[in-house]
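Structural overview
In case you want the letters, here they are:
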Amino acid sequence: MVAYGSEQRVRVPALRAGWLTQAFVHWPFRPDQLQALVPEGLVVDEYEGAAWVSLTPFVMADVRPPGIPAAVPGPPTFAETNLRTYVRRPDGRDGLWFLSIEVACPLMVGARAVGAPYNPGRLSVSPKGDSISYVGSRWGGTPSYRLVVRRGEPMTPTDRDIWLTSRWRAYTRRLGALWETPVEHEPWPLSDATVDVLEETLTTAAGLPPPLAEPVVHFSRGVRHVRLGVPRPVGPWAAPADST
């Protein structure tokens, strides 16, 4: 079972941040439909026979590279949206594989150095009462999304809720090798949520077919003490450097 709290300490973070005002929109797919989109060395994780893809827009706040004290102004708050699926290595270590990452801060595109699929664009997050509007498009106009979520009451997460929201490492692929980035933060405070508006082309741009069912939706006010570790190459699946 996926752990509700962080599985490891990130003692020397490469980045500190807060992930705030986060929505989670999760769709089920056949596992074989997702396996074709992840690299060798990773297996699509399943919950009750389905693989899942999640659209997760949020606000990135208080970003701090290592060694930068809180008194020194950092990058401004900005919006980010991830399209992700859930994977495992053969040794059982679970994590995330990002199909795309949209970001309103061009500086974050530097994370492509370890294979993170960042795309700069115009993004916004606009709360109004119990509704939160998330809008974004890549530079050039496509793909794009518009999501309006209505948050409900705080919830006690079930096993499925934890499985869909709690992961403590991300995988990327660069220069023929898998890279692992550990993450540590407090457990997500989750609320029920409903979708009022959902228009998006991110999933089709990623090569996904229509999902098997309507989405499962969560909202979280966010976590403020995120510590991202230093990415490192992992596993015996490293290929020659020209096989990216």
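Residues numbered from 1 in each chain as written. Predicted model: local features only at pLDDT ≥ 70, side-chain atom pairs only at ≥ 80, totals over all residues. Heavy atoms only, no water.

Along its length, the chain carries three helices and 13 strands. C-alpha extents for the chain along the principal axes are approximately 50 × 50 × 40 Å. In the chain, buried positions account for 51% of the 244 residues. Restricting the contact set of the chain to residue pairs at least 6 apart, pairs at least 24 apart contribute 73%. Surface exposure of the chain reaches about 11,300 Å², of which carbon and sulfur atoms provide 54%. With 25 positive and 24 negative side-chain charges, the chain shows a separation of 8 Å between the mean positions of the two kinds. (Helix = DSSP H or I, 4+ residues; strand = E, 2+ residues; numbered from the N terminus. Buried < 20%, exposed > 50% of the residue type's maximum accessible area, 1.4 Å probe, protein only. Contact = heavy atoms within 4.5 Å. Areas by Shrake-Rupley, 256 points an atom, 1.4 Å probe, with all protein chains shown as cover. Lys, Arg positive; Asp, Glu negative; His and termini not counted. Charge placed at Lys NZ, Arg CZ, Asp CG, Glu CD.)

Attention shifts here to the nonpolar core. With 33 residues, the main nonpolar core has Trp19, Trp52 and Met60 as its most contacted residues. Listing elements by their share of this core, those giving two or more residues are β1 (15–29), β3 (51–64), β4 (78–88), β5 (94–103), α2 (159–165) and β12 (216–228). Counting residues in hydrophobic clusters, the runner-up holds 30 residues, among them Leu55, Leu123, Tyr171 and Leu202. (Core = buried A, V, L, I, M, F, W, Y, C linked by side-chain atoms within 4.5 Å.)

Right, let's get into the packing of aromatic side chains. Evaluation of the coordinates by the stated rule reveals five aromatic pairs. For the pair Phe24 and Trp188, a centre-to-centre distance of 5.2 Å together with 85° between the ring planes defines the contact as edge-to-face. Placement of Phe24 in strand β1 and of Trp188 in the loop between β10 (177–184) and β11 (190–200) is noted, with a sequence separation of 164 residues between them. Its relative accessible area of 0% is what places Phe24 among the buried residues. Arranged with centres 5.6 Å apart and planes meeting at 55°, the rings of Tyr47 and Trp163 form a pair that is tilted. (Phe/Tyr/Trp six-rings, centres within 6.5 Å; stacked < 30°, edge-to-face > 60°.)

Looking now at unusual backbone geometry. Positive phi outside glycine occurs at Thr21, with the angle close to 50°. Here Leu175, not a glycine, exhibits a phi torsion of approximately 55°, which is positive.

Another aspect to go through is the environment of Arg150. Tracing the sequence through the fold places Arg150 in strand β8 (residues 144–154). Residue contacts for Arg150: discarding those within four places in its chain leaves Asp130, Ser131, Asp192, Ala193, Thr194 and Asp196.

Moving on to the pairing of β11. When β8 meets β11, the two strands line up antiparallel, connected through eight bridges. Within β11, the residue paired with Val149 across the bridge is Val195. As defined by bridge partners, β11 adjoins β12 across three bridges and the pair is classed as antiparallel. Along β12, the bridge assignment pairs Leu190 with Ser220. (Pairing = 2+ DSSP bridges.)

The next thing to look at is the pattern of salt bridges. Counted under the stated rule, the structure contains 16 salt bridges. For Arg89, the salt bridge is made with Glu180, and the minimal N-O distance between the two is 3.2 Å. Here Arg89, found in the loop between β4 and β5, pairs with Glu180, found in strand β10; they are 91 residues apart in sequence, far enough to count as distant. Comparing Arg89 with Glu180 shows no difference in burial state: the two are buried. Close ionic contact of Asp130 with Arg151 constitutes a salt bridge, the shortest N to O distance being 3.7 Å. Of this pair, Asp130 sits in the loop between β6 (118–128) and β7 (131–138) while Arg151 sits in strand β8, placing them 21 residues apart in sequence. Given a relative accessible area of 46%, Asp130 falls into the partly exposed group. Via salt bridges that share partners, Glu7, Arg89, Asp91, Arg93, Arg169, Glu180 and Arg232 belong to a single interconnected network. (Salt bridge = Lys/Arg side-chain N within 4 Å of Asp/Glu carboxyl O.)

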